[in-house]
Amino acid sequence: MRIWVNGGLYDADEARLSVLDHGLTVGDGIFETVRVAGGRPFALTRHLDRMTRSARGLGLADPDHDEVRRAVAAVVEGNPMELGRLRITYTGGLSPLGSDRGDAGPTLVVAMGGTSRRPDSTAVVTVPWTRNERGAVTGLKTTSYAENVIALARAHEGGASEALFPNTVGQLCEGTGSNVFVVLDGRIHTPPIASGCLAGITRALTVEWTGAQETDLPLDVLERADEIFLTSTLRDIQAVHRVDGRRLASAPGPVTAKAMRVFDERAADDLDP
């Protein structure tokens, strides 16, 4: 693996960060995951725009998009593979121990590993922990991911690939690394950004391309939805065939299957929508 670290490309065993990097000591950082197929990143501009929004939310300097694009191009060229998971990480950089940020400037790391196409459907579980729709980092894609690690481990214990969170007022919010959509009476709905969910890139494209509605949804909508699906960078659109102990009759159902076809066609037509 060839990894970009602060202006240069290194072999994995030579790539180095300080143990005092603020992203390590207190999780003061942001990241983006980009799908790369056949050496071509998908929706990179949208990812960079969200990266800037997350940086501003944390009070980090705006990332230099030209530098990030150069890093992405170098990493993609240095790691040829058919389907890749590319991660851009941007942190507060070298800092003193504690929450105060230093003045050495940010750290930029870009790495990529291989991945495989997801199955057409998957199982999910709900978890008892909540998303805080009013928190300081709500809606930011930060490296403070321990809550998701715990919830995803719970999902795996239940034979599922994803865990779904409610927010503090009992509304359906999101998964550990995905957005969630439900089909009710033939119409597609997804929680609004105000629910506390991340403004997913694939979520936004799915809303634009399918006409899905942003709707406040109680968590128990999962018990009665006709169809359920997830969206994320590496899932694209993925049907759900089981939620906790409930099995859905067919997955993907007809509405989800159509959404999957539309997404695949539109994404193939435009790599940077």
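Treat the numbers as computed from the prediction; the structure is a model and nothing was measured. (Residues numbered from 1 in each chain as written. Predicted model: local features only at pLDDT ≥ 70, side-chain atom pairs only at ≥ 80, totals over all residues. Heavy atoms only, no water.)

Asker: Explain the pairing of strand E9 (residues 172-175) to me, please; I cannot follow it from the model alone.
Answerer: When strand E8 (residues 162-166) meets E9, the two strands line up antiparallel, connected through 3 bridges. Across the sheet, Leu-164 pairs through a bridge with Gly-175, a residue of E9. Between E8 and E9, which pair antiparallel in sequence order, lie 5 residues; one of them, Gly-170, sits at a positive phi of approximately 80°. (Pairing = 2+ DSSP bridges. Helix = DSSP H or I, 4+ residues; strand = E, 2+ residues; numbered from the N terminus.)

Asker: Before we go on, may I ask you to explain the nonpolar core in this structure?
Answerer: Side chains that are nonpolar tend, in soluble globular proteins, to be buried together. Within the largest apolar cluster, 21 residues are counted, with the highest numbers of intra-cluster contacts made by Met-51, Val-72, Leu-86, Ile-88, Leu-108 and Val-110. Among the elements of the structure, strand E3 (29-37), helix H2 (44-58), helix H3 (65-78), strand E5 (83-91) and strand E6 (107-114) are those that each provide at least two residues to this core. Broken down by element, this core gets its largest block of residues, 6 residues, from H3. Residues within four places of Val-110 in sequence aside, it is in contact with Ile-3, Trp-4, Ala-71, Val-72, Val-75, Leu-86, Arg-87 and Ile-88. The next biggest cluster of nonpolar side chains, apart from the first, holds 16 residues, and it includes Phe-42, Phe-181, Ile-201 and Leu-205. (Core = buried A, V, L, I, M, F, W, Y, C linked by side-chain atoms within 4.5 Å. Buried < 20%, exposed > 50% of the residue type's maximum accessible area, 1.4 Å probe, protein only. Contact = heavy atoms within 4.5 Å.)

Asker: Would you mind showing me how to read the sheet that holds strand E4 (residues 40-41) here?
Answerer: For sheets, the rule is that strands pair by backbone hydrogen bonds, running either parallel or antiparallel. Taken in spatial order, the 6 strands of this open sheet run E2-E1-E6-E5-E3-E4, and their pairing is antiparallel. At either margin of the open sheet sits one strand with a lone partner, and together these are strand E2 (8-11) and E4. Bridge count between E3 and E5: 9 bridges; the pairing is antiparallel. Looking at the pairing, Phe-31 lines up with Thr-89 of E5. Relative to the sheet, H2 contacts E3, E4, E5 and E6, its axis offset from that of E3 by approximately 175°. (Axes fitted to C-alpha atoms, helices over the stretch in contact; angles between N-to-C directions.)

Asker: Help me understand the pattern of salt bridges in this model?
Answerer: When the charged atoms of two side chains with opposite charge come close together, those side chains can pair. Scanning the model with the defined rule gives 11 salt bridges in all. In this structure, the salt-bridge partner of Glu-147 is Arg-131, at a minimum N-O distance of 2.6 Å. Taken together, the residues span a long stretch of sequence, with Glu-147 in helix H4 (residues 146-157) and Arg-131 in the loop between strand E7 (121-126) and H4 at a distance of 16 residues. For Glu-147, a relative accessible area of 39% puts it in the partly exposed group. Note that Glu-174 is salt-bridged to Arg-131, the shortest N-O span being 2.7 Å. One end of the pair, Glu-174, is in strand E9; the other, Arg-131, is in the loop between E7 and H4, with 43 residues separating them in the sequence. Just as Glu-174 is buried, Arg-131 falls in that class too. (Salt bridge = Lys/Arg side-chain N within 4 Å of Asp/Glu carboxyl O.)

Asker: When you look at empty space enclosed by the protein in this model, what are you seeing that I'm missing?
Answerer: If a probe the size of a water molecule is rolled over the atoms, the empty space left behind becomes visible. Counted by the stated rule, this structure contains 1 cavity of 30 Å³ or more. Taken as a whole, the largest cavity holds about 40 Å³ of empty space. The residue inventory of the lining of the largest cavity, partitioned by class, reads 3 nonpolar, 3 polar and 2 charged. (1 Å grid on protein atoms, 1.4 Å probe; cavity = no way out; pocket = protein on both sides within 12 Å on 5 of 7 lines; lining within 4 Å. Points joined across faces, edges and corners; volume = space filled by probe spheres on them. Nonpolar A, V, L, I, M, F, W, Y, C, P; charged D, E, K, R; others polar.)

Asker: Which parts of the structure should I look at to understand the packing of H2 against H3?
Answerer: Packed helices, taken two at a time, are described by the angle between their axes plus the distance between the axes. Two elements in contact, H2 and H3, have axes separated by 11 Å at closest approach and are oriented at 130°. For the element pair H2 / H3, the angle class is oblique. The interaxial crossing formed by H2 with H3 has right-handed handedness. Side by side, H2 and H3 meet where Leu-44, Thr-45, Leu-48, Asp-49, Met-51 and Thr-52 of the first sit next to His-65, Val-68, Arg-69 and Val-72 of the second. (Parallel < 35°, antiparallel > 145°, perpendicular 65-115°, else oblique. Left-handed = near helix turned anticlockwise from the far one by under 90°.)

Asker: Just checking my understanding: could you explain H2 for this structure?
Answerer: An α-helix turns once every 3.6 residues. As a result, residues three or four positions apart point the same way. Taking 1.5 Å as the rise per residue, H2 with 15 residues should run 21 Å; its terminal C-alpha atoms sit 21 Å apart, in good agreement. Those residues of H2 that fall on the buried side of the exposure criterion are Leu-44, His-47, Leu-48, Arg-50, Met-51, Thr-52, Ser-54 and Ala-55. Tucked into the core, H2 has its buried residues touching E3, E4, H3, E5, E6 and helix H5 (201-210). Just downstream of H2, Gly-59 is the residue with a positive phi angle, here 80°. (Expected span 1.5 Å × (residues − 1).)

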